[in-house]
Amino acid sequence: MARQPSERTVIFLIGAVQFVNILDFMMVLPLGPFFAGPLGIPASRIGVIGGSYTAAAALSGIACSFFLDRFDRRKALGVAVAGLVLATALGGFSTGFGSIVFARILAGLFGGPATSLSLSIVADVIPAERRGKALGAVMGAFSVSAVLGVPAGLELARWGGWRLPFFSVAGLGLLLLPVAIALLPPLTGHLVGGRRPRTGFVSLLSRPTVQLSAAVTMALMASAFLVIPVVTPYLVFNLRFPDRDLKWIYMIGGALSFVLLRVIGALVDRFGSTRLATVGTGVFLVVAWFAFVRYDPRIPVTVLFVLFMLGMNFRMAPYQTLISKVPAPQERASFMSLMGAVQHLSTSAGAMFSSVILTTGGRGELVGMPRLGGIAMAVASVAPALFWLVERRLGRVAPVAAVTVPA
């Protein structure tokens, strides 16, 4: 019998898969100025390229909620990562607006399930009492992408052209895929007695706990993405922050978030999701007030927006740990796919709403930021109560054992 990989090995492999997946998503918009000219794409349409990924991932999440739990998670993850690698490579071969949008739609169709399966594998393998720390470590892939991945992609574009970052990420995924498949154990414990579960977003959403989980997801993602899409122009045009120094905000914030997520994950295991989410929401509200509603010039911009990044990440480890406990193992990937779809729809709604609230002033500044910041604070403030309601309902259900692997 083959030796089972340790929990650390599983966490590392899933974190590596998420790094490739997240980097594929995060790098495209920053690369916009590099490929817009050669492909004849107006700058005003670059947002459509990013939105095409989000819309495809949302649709894929809804569709996958019907069948994703019918397969060995390892094999399903292999298919999702292979499709993502192909889509990323196609992005590098783009010849115009239509072809790059097609490539990003394909990336969204595979990238969404890759995230759902990754989180499902962690929840399957890691017991509930250690899951917060494990998910905090996996979510560090977001921070590593911000600190290393995106700056590296921009440097590759400057050095070898805009196609090189796409090919590099695809190559990294191609190298990772066989390693992950070889080292991950078969993950079929959710197929109890060979039974193929039948789930879908309609049946899942008929349950009150799932409805509350979707509400938590909407509160977190919408409150963040009301302001995230406009952070860069707000810094440059409103606060007159030098654009050449933007990279330091993302690098410092990403590095600190990487450390913070691991600490918060361990604290979630000890104190519970609701308490940590309440503290995280408090940090988010305070920083959002001073950053957007009543900006105080005495606070250094770099410090303020690094804290803003930390405030957003502070809430995510409690969130992922909480929702990992909601579904039964045989429906976990379907549930995660549904939550992924809700995430993407909420981020899109937040971004679209911000464009309705804001206008552009005569010097290029964004008019209406205090109002938008206040709305983001109002949405974020309901999250702790929703966390409490979900955790309270979960307290009535007996915990389900995880797949056993060496610690």
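Residues numbered from 1 in each chain as written. Predicted model: local features only at pLDDT ≥ 70, side-chain atom pairs only at ≥ 80, totals over all residues. Heavy atoms only, no water.

K.L.:
Help me understand the overall build of the protein in this model?
P.N.:
Within the protein, the secondary structure is distributed over 16 helices and 2 strands. Expected size for 407 residues packed as a compact globule is a radius of gyration near 22 Å; at 21 Å, the protein falls within 12% of this value. Structurally, the protein occupies a C-alpha span of about 65 × 45 × 35 Å along its principal axes. Out of the 407 residues in the protein, the part that is buried amounts to 55%. Intrachain contacts of the protein at a sequence separation of at least 6 include 85% that bridge at least 24 residues. Accessible surface for the protein amounts to roughly 17500 Å². Of this, 69% is attributable to carbon and sulfur atoms. Taking the 33 positively charged and 14 negatively charged side chains of the protein as two groups, their mean positions are separated by 4 Å. (Helix = DSSP H or I, 4+ residues; strand = E, 2+ residues; numbered from the N terminus. Rg over C-alpha atoms; globule rule 2.2 N^0.38 Å. Buried < 20%, exposed > 50% of the residue type's maximum accessible area, 1.4 Å probe, protein only. Contact = heavy atoms within 4.5 Å. Areas by Shrake-Rupley, 256 points an atom, 1.4 Å probe, with all protein chains shown as cover. Lys, Arg positive; Asp, Glu negative; His and termini not counted. Charge placed at Lys NZ, Arg CZ, Asp CG, Glu CD.)

K.L.:
Please explain the pattern of salt bridges as it appears in this structure.
P.N.:
Between side chains of opposite charge, a pair can form as their charged atoms come close. In total, this model carries 7 salt bridges according to the counting rule given. Asp24 is the partner of Arg104 in a salt bridge, and the nearest nitrogen-oxygen pair spans 3.0 Å. Of the two residues, Arg104 sits in helix H5 (residues 97-125) while Asp24 sits in helix H1 (residues 7-26), which places them 80 residues apart along the sequence. For the pair shown, Arg104 and Asp24 are each scored as buried. (Salt bridge = Lys/Arg side-chain N within 4 Å of Asp/Glu carboxyl O.)

K.L.:
Help me understand helix H7 (residues 163-183) in this model?
P.N.:
The periodicity of an α-helix, 3.6 residues per turn, causes residues three or four places apart in sequence to face the same way. In this model H7 runs 31 Å from its N-terminal to its C-terminal C-alpha over 21 residues, within 8% of the 30 Å that 1.5 Å per residue would give. Of all bends in H7, the biggest is about 25°, found at Leu176, and the proline Pro178 comes one to four residues later. (Expected span 1.5 Å × (residues − 1). Bend = angle between axes of the 7 residues up to and from the residue.)

K.L.:
Would you mind showing me how to read the nonpolar core here?
P.N.:
Most often, soluble globular proteins have nonpolar side chains that are buried together. Counting 83 residues, the largest nonpolar core has Ile14, Phe35, Leu77, Tyr319, Met339 and Phe387 as its most contacted members. Here this core takes 10 residues from H1, the largest share from any one element. Ala288, Phe305, Phe308 and Ile357 belong to the second-largest nonpolar core, a separate cluster that totals 32 residues. (Core = buried A, V, L, I, M, F, W, Y, C linked by side-chain atoms within 4.5 Å.)

K.L.:
Can you walk me through the side chain of Ser337 in this structure?
P.N.:
Checked against the element boundaries, Ser337 lands in helix H14 (residues 332-357). Residue contacts for Ser337: discarding those within four places in its chain leaves Gly61, Cys64, Ser65, Leu68 and Ser116.

K.L.:
How do you make sense of the packing of H1 against H7 when you look at a structure like this?
P.N.:
When two helices pack together, you describe them by how their axes are tilted relative to each other and by the distance separating the axes. The N-to-C vectors of H1 and H7 enclose an angle of 155°; their axes lie 10 Å apart at closest approach. One element, H1, and the other, H7, form an angle in the roughly antiparallel class. When the axes of H1 and H7 are compared, the crossing they make is left-handed. Contact residues: H1 offers Leu13, Ala16, Val17, Phe19, Val20, Leu23 and Asp24, while H7 offers Val169, Leu172, Gly173, Leu176, Val179, Ala180 and Leu183. Residue composition of the contact of H1 with H7, by class: 12 nonpolar, 1 polar and 1 charged. (Axes fitted to C-alpha atoms, helices over the stretch in contact; angles between N-to-C directions. Parallel < 35°, antiparallel > 145°, perpendicular 65-115°, else oblique. Left-handed = near helix turned anticlockwise from the far one by under 90°. Nonpolar A, V, L, I, M, F, W, Y, C, P; charged D, E, K, R; others polar.)

K.L.:
When you look at unusual backbone geometry in this model, what are you seeing that I'm missing?
P.N.:
With the exception of glycine, most residues fall at negative phi, and the peptide bonds are largely trans. One non-glycine residue, Arg240, adopts positive backbone phi at about 55°. As for its position among the elements, Arg240 is in the loop between helix H10 (231-238) and helix H11 (246-271).

K.L.:
Honestly, the confidence of the model for the protein in this entry has me stumped. Any pointers?
P.N.:
When pLDDT is averaged along the protein, the result is 83, and 90% of the positions lie at 70 or above. Low pLDDT (under 50) marks residues 397-407, which in the prediction has 20 contacts with non-local residues, meaning those over four places away or in another chain. (pLDDT = per-residue confidence, 0-100.)

K.L.:
For this particular structure, what's the right way to read the side chain of Thr281?
P.N.:
Take Thr281: it is sitting in helix H12 (residues 273-293). Accessibility expressed as a relative area gives 3% for Thr281, which makes it buried. Here the side chain of Thr281 touches Ala277 through a polar contact of 2.8 Å, landing on its backbone oxygen. (Polar contact = N/O pair within 3.5 Å; in protein donor to acceptor, adjacent residues only side chain to side chain.)

K.L.:
Could you clarify how one ought to interpret a nonpolar patch on the surface in this entry?
P.N.:
Taken together, the side chains of Leu86, Leu90, Phe93, Phe102 and Phe167 define a hydrophobic patch exposed on the protein surface, amounting to about 500 Å² of accessible area. Mapped onto the secondary structure, Leu86 falls in helix H4 (residues 73-92). (Patch = residues over 30% accessible without salt bridge, like charges linked within 9 Å, V, L, I, M, F, W, Y side chains within 5 Å.)

K.L.:
Honestly, the packing of H4 against H7 in this entry has me stumped. Any pointers?
P.N.:
Interaxial distance between H4 and H7 falls to 8 Å at its minimum, and their mutual angle equals 165°. It follows that H4 is roughly antiparallel to H7 by the angle criterion. Crossing angle aside, the handedness with which H4 passes H7 is left-handed. Across from Arg74, Gly78, Val81, Ala82, Val85, Thr88, Ala89, Gly91 and Gly92 in H4, the residues of H7 making contact are Arg163, Phe166, Phe167, Val169, Ala170, Gly173, Leu174, Leu177 and Ile181. Of the residues in the contact of H4 with H7, the class split is 11 nonpolar, 5 polar and 2 charged.

K.L.:
For this particular structure, what's the right way to read the environment of Thr115?
P.N.:
Secondary-structure assignment places Thr115 in helix H5. A relative accessible area of 27% means that Thr115 is categorised as partly exposed. With residues near it in sequence (within four places) discarded, Thr115 still touches Gln18 and Asn21.

K.L.:
Before we go on, may I ask you to explain the packing of aromatic side chains in this structure?
P.N.:
A ring pair, where both rings are aromatic, is described by two values, the distance of the centres and the angle of the planes. In total, this model carries 10 aromatic pairs according to the counting rule given. Between the aromatic rings of Phe25 and Tyr53, the centroid separation amounts to 5.0 Å while the plane-to-plane angle is 40°, which identifies the pairing as tilted. Of the two residues, Phe25 sits in helix H1 while Tyr53 sits in helix H3 (residues 46-64), which places them 28 residues apart along the sequence. Looking at Arg315, its charged tip hangs above the ring of Phe284, at a distance of 4.3 Å from the centre. (Phe/Tyr/Trp six-rings, centres within 6.5 Å; stacked < 30°, edge-to-face > 60°. Lys NZ or Arg CZ within 6 Å of the ring centre and 35° of its normal.)

K.L.:
Help me understand the environment of Leu372, please; the structure alone is not making it clear to me.
P.N.:
Note that Leu372 resides in helix H15 (residues 369-381). When its relative accessible area of 0% is taken as the criterion, Leu372 is described as buried. Each C-alpha atom of the pair Leu372 and Leu226 lies 7.2 Å from the other, and the pair is 146 residues apart in sequence.

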